[in-house]
Each structure stands twice: as C-alpha cells, then as structure tokens.
Amino acid sequence: MTIRWEVFLDQVQERGEYDTPEEAERCARVVLALLGAHLVGDVRARLAARLPETLALVLLNPLQAAEPLSPERFVRATAAWIEGATEATALWDIGAVLSTVADAADDQLMEQVLLQLPPGYDVLFGRPDAVRRP
C-alpha cells in the first residue's frame, strides 16, 4: 500500500524535528536519490510503489552510483548534498527518512532492500540486525 504524501512528510518532519514540511521534503529527496542509486530492479520498483509518487520518481530516477557506498560514505555523501549539513546532522536526516521508508515497506521487502546494500545499512533504516548475512 502506498503511503500518502502528507503522511510521509509528517512522519519525516516529526522524526527529524524539522520546523517545516519543506525541510523534511528537501532531506527526503536527497536521501532517496542517494538510496535509489544503490538499488536495482524489482526491489527498487517495489519500494518506490510504497512511496508517494513524487518521491517514488526520485528513487526510480537517480544517477547510478559507480560503486556501492558504505554506510559511512552514504552519510558523508548526504552531508555534501544538504546545504549546511554536517555528518552528524546528515545521520539524523537519513534516520528520519529511512525509518519512514522502512515503516512503509513490509519486512520481506526491507530484507531484500538490505541485501542489495553493503552491511550496516540496517542501522540507517532503524532496523539493526534486520537481515542476517551468511
């Protein structure tokens, strides 16, 4: 089921403690663009189907990453794309967005998402130990 735009932004705004929905949207766009660069195929499409249309398009149409970013590099990249952000504030932004994304997805889809990402992303989604790697 697709989460409505207002509900998604309200959750991100609350979790990120942003003053305005515009701040929440700005962070969501950056984080989802970076995430989309690391997901492929049916998993990316199924995750996008859970998001509001505008944000689904951000997830589906990213620039492709040359190589997978470790969670630490994902945080640094997010900080570089959000004006005035530090790594600490970027980590906060990522948590607000990705925990909302995780809540919009079911457990099976989240496991498939996490299997496409380098180890450690489970923490960024607010789901430590959500996937067991062999």
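This structure is a prediction, so every number in the text was calculated from the model and none was measured.

Engineer: I'd like to hear about the pattern of salt bridges, residue by residue, with values.
Structural biologist: A full pass over the atoms with the stated rule returns eight salt bridges. For the salt bridge of Arg15 with Asp103, the shortest nitrogen-to-oxygen distance reads 2.5 Å. Taken together, the residues Arg15 in helix H1 (residues 5–16) and Asp103 in helix H6 (residues 87–104) connect sequence positions 88 residues apart. Residue classification places Asp103 among the partly exposed positions, given a relative accessible area of 44%. Note that Asp103 and Arg127 form a salt bridge whose closest N and O atoms lie 3.2 Å from each other. Here the residue Asp103 occupies a position in helix H6, and Arg127 occupies one in the segment after helix H8 (121–124), the gap between them amounting to 24 residues.

Engineer: Any details on helix H5 (residues 71–81)? Residues and values, ideally.
Structural biologist: Inspection of H5 places Pro71, Phe74, Val75, Ala77, Thr78 and Ala79 among the buried residues, and these make up the whole buried set. On its buried side, H5 packs onto helix H2 (21–36), H6 and H8.

Engineer: Account for the environment of Ala28, with residues named and values stated.
Structural biologist: Turning to its location among the elements, Ala28 is positioned in helix H2. Separated by 66 residues in the primary sequence, Ala28 and Ile94 have C-alpha atoms spaced 8.1 Å apart.

Engineer: Break down the packing of aromatic side chains for me, with residues and values.
Structural biologist: This model, assessed by the stated rule, comprises one aromatic pair. The interplanar angle of 75° and the centroid separation of 5.4 Å between the aromatic rings of Phe74 and Tyr121 together place this pair among those described as edge-to-face. Of this pair, Phe74 sits in helix H5 while Tyr121 is found in helix H8, placing the two residues 47 residues apart along the sequence.

Engineer: Outline the packing of helix H3 (residues 41–48) against helix H7 (residues 107–116), supporting the account with residue identities and numerical values.
Structural biologist: At a closest axis distance of 10 Å, the pairing of H3 and H7 adopts a crossing angle of 130°. Taken together, the axes of H3 and H7 lie oblique to each other. For the pair H3 and H7, the sense of crossing is left-handed. Across the interface between the two elements, Val43, Arg46 and Leu47 from H3 touch Leu109, Gln112, Val113 and Gln116 from H7. Residue composition of the contact of H3 with H7, grouped by class: four nonpolar, two polar and one charged.

Definitions and limits used
- Residues numbered from 1 in each chain as written.
- Predicted model: local features only at pLDDT ≥ 70, side-chain atom pairs only at ≥ 80, totals over all residues.
- Heavy atoms only, no water.
- Salt bridge = Lys/Arg side-chain N within 4 Å of Asp/Glu carboxyl O.
- Helix = DSSP H or I, 4+ residues; strand = E, 2+ residues; numbered from the N terminus.
- Buried < 20%, exposed > 50% of the residue type's maximum accessible area, 1.4 Å probe, protein only.
- Contact = heavy atoms within 4.5 Å.
- Phe/Tyr/Trp six-rings, centres within 6.5 Å; stacked < 30°, edge-to-face > 60°.
- Axes fitted to C-alpha atoms, helices over the stretch in contact; angles between N-to-C directions.
- Parallel < 35°, antiparallel > 145°, perpendicular 65-115°, else oblique.
- Left-handed = near helix turned anticlockwise from the far one by under 90°.
- Nonpolar A, V, L, I, M, F, W, Y, C, P; charged D, E, K, R; others polar.

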